[in-house]
Amino acid sequence: MSYRILAINPGSTSTKIALYEDEIKVFEKSISHTAKELEVFDDVLDQFEFRKNLIMSVLKEENIDVSNLAAIVGRGGMLPNMKAGGYVVNKAMLDTFHEGLASPHASNLGALLAHDIALPLGIPAYIYDSVTSDELEEVAKITGLPEVRKQSICHVLNMRAVSKKIAEKYGKKYEDMNIIAAHLGGGISLSVHHKGKIVDCIRDDEGPFAPERAGSIPMLYMVDLCYSGKYTKKQMIKKLRGNGGLKAYLGTQDLRDVMDMIADENQQAELLFQAQAYQIAKAIGKLSAVLCGNYDCIILTGGMAYSKELIHLISERVKFIAPVEVVPGEFEMEALALGALRLVNGQEEAKEYVHP
């Protein structure tokens, strides 16, 4: 028996959809959203009908019969109280989104869209490997302030997907390996995978600067900026996420543009490129202590991993820790669909979300 799975991945400027039949991709499309289209919505959840209508239009145009679907899976949002793996979209999860208990993010729409499309079809709706999947050890959650407890937020979906691919390459099970994974995209996050669990991570707001994110900034400087009277809270968040990193210095978040600048002998671009690699390598070194240096490999993934120059600079600094494996790009649609496939065919059991 074959299973047809529809995967939905809402991002800040796009909604990606893909149809899989068992492990084979049948169709994939990325629907782009302009800033003008999205600026009319005050809140991310307000975009629900807009995005749903676009999805249904594309499915109709491609003559995709939704009545043959076995399940629909959405990208997991910024939900509290999560573990890695698959969850059925239930009332408790929907209530958590509508009550504003999940941090605002486009990925929150994944569960809502999957549920709404699946409900009249009488099929299950799932989310898989939510960005907030938290299996950190207790010692990793402590910060220097009692009021602040670290929560795991990283590119869980792609990191676990590529880690499983590398495990297959090594002829091992993912659950038997120790891995440091670094997702190098518009935001950068890193994680330690110990026997199938992410036990520590470096979030995109506490590590290397990225193409459009500021990364870790000395806190006293940040206090000065926040109280300077120059910026609102919303503007400060945008400086850290969206307008930080390479974009703040060079006006672009595209690494290809940076390489063109370097070719034109732009010394600032060259320095920033070197600093980017330096900070990523330093973060890998920091995480190497978590398991006392006992790692099978280091994985570099995400869009920036296509840059051979960047990969070389990072690898030269960290190859003493473990072999470096490069898996450029992201595999989120595949990871969603194959995760849902394991749920519908009984290889994995879907968890029930509990209201926080």
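Since the structure is predicted, the reported quantities are computational estimates derived from the model, not experimental observations.

### A word on the domain arrangement of the chain
Next up, step 1: Structurally, the chain comprises domain 1 (4-133 + 332-352) and domain 2 (138-322).
Next up, step 2: In this complex, domain 1 contributes 16 residues to the contact, which on the side of domain 2 involves eleven residues.
Next up, step 3: Taken over both partners, the interface formed by domain 1 and domain 2 buries close to 1100 Å², and the fraction arising from carbon and sulfur atoms is 55%.
Next up, step 4: Its largest share of buried area at the contact with domain 2, domain 1 owes to D129, V131 and E332, together 41% of the area lost on that side.

### Structural notes on the sheet that holds strand β9 (residues 197-202)
Next up, step 1: Read across the sheet, five strands follow the order β9-β8-β7-β10-β11 without closing on themselves; strand pairing throughout is mixed. The open sheet terminates on both sides in strands that have one partner only, identified here as β9 and β11 (324-328). Averaged over all pairs of adjacent strands, the angle between strand axes in this sheet comes to 20°, irrespective of strand direction.
Next up, step 2: In the sheet, strand β10 (residues 297-302) pairs with β11 via five bridges, with the strands oriented parallel. Across the sheet, L300 pairs through a bridge with V326, a residue of β11.

### Details of unusual backbone geometry
Next up, step 1: With phi around 50°, D129 is a residue other than glycine that occupies positive phi space.
Next up, step 2: Considering the arrangement of structural elements, one finds D129 in the loop between β6 (125-128) and α5 (156-169).
Next up, step 3: A positive phi angle, close to 55°, is found at C292, a residue other than glycine.
Next up, step 4: Within the element layout of this structure, C292 appears in the loop between α10 (267-288) and β10.

### Description of the pairing of strand β7 (residues 178-184)
Next up, step 1: Extensive coverage of β7 is indicated by the burial of seven of its seven residues.
Next up, step 2: Here β7 shows no split at all, with N178, I180, A182 and L184 on one side and I179, A181 and H183 on the other all buried.
Next up, step 3: Two strands pair when backbone bridges link them, and β7 and strand β8 (residues 188-194) are joined in this way by seven bridges, in the antiparallel orientation. Bridge assignment links H183 to a residue of β8, and that residue is S189.
Next up, step 4: The pairing of β7 with β10 spans five bridges and is parallel. In the strand pairing of β10, H183 is matched with T301.

### Topic: the side chain of S130
Next up, step 1: Along the chain, S130 falls in the loop between β6 and α5.
Next up, step 2: For S130, a relative accessible area of 1% corresponds to the buried category.
Next up, step 3: Of the polar contacts made by the side chain of S130, one reaches the backbone oxygen of G77; its length is 2.6 Å.
Next up, step 4: When sequence neighbours within four positions are dropped, the list of residues in contact with S130 reads G76, G77, L79, M82 and V156.

### Observations regarding the nonpolar core
Next up, step 1: One finds L184, L190, I284, I298, L300, L310 and I314 to be the most contacted residues of the largest nonpolar core, which totals 36 residues.
Next up, step 2: Where this core is concerned, the elements lending two or more residues are β7, β8, β9, α8 (245-250), α9 (255-263), α10, β10 and α11 (308-318).
Next up, step 3: For this core, the leading source of residues is α10, giving nine residues.
Next up, step 4: Look past the residues within four positions of I314 in its chain and what remains in contact with it is L184, A277, I280, A281, I284 and L300.
Next up, step 5: Among the nonpolar cores identified, the runner-up in size contains 33 residues, and I55, I72, L94 and A111 belong to it.

### A look at helix α4 (residues 109-118)
Next up, step 1: Within α4, eight of the ten residues are buried, leaving the element largely enclosed by the surrounding structure.
Next up, step 2: Among the residues making up α4, those that are buried are L109, G110, A111, L112, L113, A114, I117 and A118.
Next up, step 3: On the buried face of α4, the contacting elements are β1 (4-10), α2 (48-61), β4 (71-75), α3 (91-98) and β6.

### Some words on a negative patch on the surface
Next up, step 1: Taken together, the side chains of D257, D260, D264 and E265 make up a negatively charged region of the molecular surface.
Next up, step 2: Here E265 shows up in the loop between α9 and α10.

### What about the environment of E348?
Next up, step 1: Mapped onto the elements, E348 comes out in the loop between α12 (332-344) and β12 (351-352).
Next up, step 2: Residue contacts for E348: discarding those within four places in its chain leaves Y128, R342 and L343.
Next up, step 3: Reaching out from E348, the side chain makes a polar contact with the side chain of R342 at a distance of 2.7 Å.

What counts as what
- Residues numbered from 1 in each chain as written.
- Predicted model: local features only at pLDDT ≥ 70, side-chain atom pairs only at ≥ 80, totals over all residues.
- Heavy atoms only, no water.
- Domains from an automatic or database assignment.
- Contact = heavy atoms within 4.5 Å.
- Buried area = accessible area lost by both parts, 1.4 Å probe.
- Pairing = 2+ DSSP bridges.
- Helix = DSSP H or I, 4+ residues; strand = E, 2+ residues; numbered from the N terminus.
- Axes fitted to C-alpha atoms, helices over the stretch in contact; angles between N-to-C directions.
- Buried < 20%, exposed > 50% of the residue type's maximum accessible area, 1.4 Å probe, protein only.
- Polar contact = N/O pair within 3.5 Å; in protein donor to acceptor, adjacent residues only side chain to side chain.
- Core = buried A, V, L, I, M, F, W, Y, C linked by side-chain atoms within 4.5 Å.
- Patch = residues over 30% accessible without salt bridge, like charges linked within 9 Å, V, L, I, M, F, W, Y side chains within 5 Å.
- Areas by Shrake-Rupley, 256 points an atom, 1.4 Å probe, with all protein chains shown as cover.
- Salt bridge = Lys/Arg side-chain N within 4 Å of Asp/Glu carboxyl O.
- Lys, Arg positive; Asp, Glu negative; His and termini not counted.
- Charge placed at Lys NZ, Arg CZ, Asp CG, Glu CD.

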